[in-house]
Amino acid sequence: APSLPAASSSLAPAPIPSTSLPIYPPAHYLSHPPPTFQLPHHLTSFSYSPSRDLLLDPSNKDDALVWYCEPRVGSDLHRGFGEAVWRDGGVDEGLDALVDTLSAWAARDATGQADDVLCKVSVITWRGMMTKLMLAVYEAENAAMGRRVDGWEMNAMVLDGCLYLEESNPPSKLAAKAASESSNALASYYGYSFESFCTTSSPTPTTSLSSASAAAEEFSVPNTNVQWCSVVKTSLGEFRTIVGGEVDCVRPGADKERIETRDFVELKTNLVIQSQRDEVNFERHKLLKHYVQSFLLGVPTITVGFRTRAGLLSGLQSFNTLDIPRLVRGKPHAWDPSACLASARSLLAFIHSTISSHPSTLASPSSSEDCPIFRLTFDPSSPTGPTVRLRQLNAEE
Ligand code: A3P
Ligand code: MG
Ligand code: MG
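So, a few notes on the structure that sits alongside this text. Because the structure is predicted, anything quoted here is derived from the model rather than measured. (Residues numbered from 1 in each chain as written. Chains lettered and ligands numbered in written order. Predicted model: local features only at pLDDT ≥ 70, side-chain atom pairs only at ≥ 80, totals over all residues.)

Remarks on the overall build of the chain
Consideration 1: Along its length, the chain carries ten helices and 16 strands.
Consideration 2: A principal-axis box enclosing the C-alpha atoms of the chain has dimensions of 80 × 50 × 40 Å.
Consideration 3: In the chain, which comprises 397 residues, the share counted as buried stands at 34%. (Helix = DSSP H or I, 4+ residues; strand = E, 2+ residues; numbered from the N terminus. Buried ≥ 20, exposed ≤ 12 C-beta atoms within 10 Å, placed from the backbone.)

Examining the sheet that holds strand S6 (residues 152-159)
The strands that make up a sheet pair up through hydrogen bonds in the backbone, lying either parallel or antiparallel.
Consideration 1: Reading across from one edge, S1-S16-S15-S6-S7-S5-S10-S9-S2-S3 is the order of the ten strands in this open sheet, with mixed pairing throughout. The strands lining the two open edges of the sheet, one partner per strand, are strand S1 (20-22) and strand S3 (54-55).
Consideration 2: As paired elements, S1 and strand S16 (residues 387-392) share three bridges and run antiparallel to each other. Looking at S16, one finds that proline 22 is bridged to threonine 387.
Consideration 3: Helix H7 (residues 276-297) contacts strand S2 (37-48), strand S9 (227-236) and strand S10 (239-246) of the sheet and is inclined by roughly 115° relative to S10.
Consideration 4: In this fold helix H9 (residues 337-356) packs onto S1, S2, strand S5 (123-126), S6, strand S7 (162-167), S9, S10, strand S15 (374-379) and S16, with an angle of close to 55° to the strand it touches most, S6. (Pairing = 2+ DSSP bridges. Contact = placed C-beta atoms within 7 Å. Axes fitted to C-alpha atoms, helices over the stretch in contact; angles between N-to-C directions.)

Brief notes about the nonpolar core
Consideration 1: Counting 83 residues, the largest nonpolar core has Ala136 and Ala156 as the members making the most contacts within it.
Consideration 2: When residues of this core are assigned to their parent elements, the largest contribution, ten residues, is made by helix H3 (residues 127-144).
Consideration 3: Other than its neighbours up to four places away in sequence, alanine 136 contacts Ile23, Ser343, Leu347, Phe378 and Val388. (Core = buried A, V, L, I, M, F, W, Y, C linked by C-beta atoms within 7 Å.)

Some details on the environment of phenylalanine 374
Consideration 1: With respect to the helices, strands and loops of the structure, phenylalanine 374 is situated in strand S15.
Consideration 2: When sequence neighbours within four positions are dropped, the list of residues in contact with phenylalanine 374 reads Ala156, Met157, Ile355, Leu390, Arg391, Gln392 and Leu393.

Structure follows, in structure tokens:
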């Protein structure tokens, strides 16, 4: 067994890492200026093929890239439901695709820019994990207001000073996820079908969008294995981060050889808003999630397709991501992105410093095999108040 560093020293006490961090109400995080957030910069990209193969060579990394084309209002999102190909939700993919993509990118970079970025980075993760960290403060508030809120779990390790965060999917959780997905399969399908109606694999649409039959030709039956992902660098407070995430499409005419985050478009579906209550829910919950998700990757445009329960597309609305906070500001159900940034930054500081100063991390050599793994658990409904806990996993877990 590796020998642990001396537990007591007469000069400096061994660090006693705190193992949990409370999540306070949003107002707590608004008493100081928010941490800086650097505009995300697209570094590289990769694709998943129809059979979920990872494509990261220059010749195929953008195979899944598609361009936005406006869908016809009245389109039937139910189309193709029986023939869709669904990704196997039981497979735990971890961070492999992101790490492999970064290695390939660095290996073919002759300028030294990639090495420079990689040696300064302090957090590498998927956009989904950053979204969870950013939303925890409002999930805690939702739980306090009696809404049913799910917590989350992540695995974390610090290797060479860089924090790696991935989703934790124990078998029991994967099974529950698969069951919920199959019961929501139709609503979920409408989301993917909308993406298909909105996208084309040609940068400049050749068909006339005014013709209903031409627009309908853009539809191809969804295969949820297929994804195009951007890897960006950004920073939150003192943390330089590299974040990977799926991008639904890019604006028409965007140049495949010079992709930038300002080309990105996020697509969402929503039930038609019919009441004041629907509108409040949309602004309070949906717009917050859409904003945070898109903001983290620098996606400037979110196009929402409103649909009926039966899946007919009834209207479209595009939002400038950065204008969204202003739409809700001052309303009774307002949320403030500064609270998300400040709480996410303090979570990163807690996680990074606790793991970095933990004796088992200090004792471990610089190799990912021997690096100790920590489990991060967010329990928004804890009897002692919403808390994020951190503990080291033992070898069997
Ligand atoms: P909508 O968001 O339009 O409902 P994303 O918006 O992140 O690109 O995801 C695309 C679609 O995948 C979603 O469309 C939804 O249909 C489906 N989806 C994403 N996350 C899901 C989840 N946690 N459970 C069920 N379906 C999900
Ligand atoms: Mg998507
Ligand atoms: Mg989407």
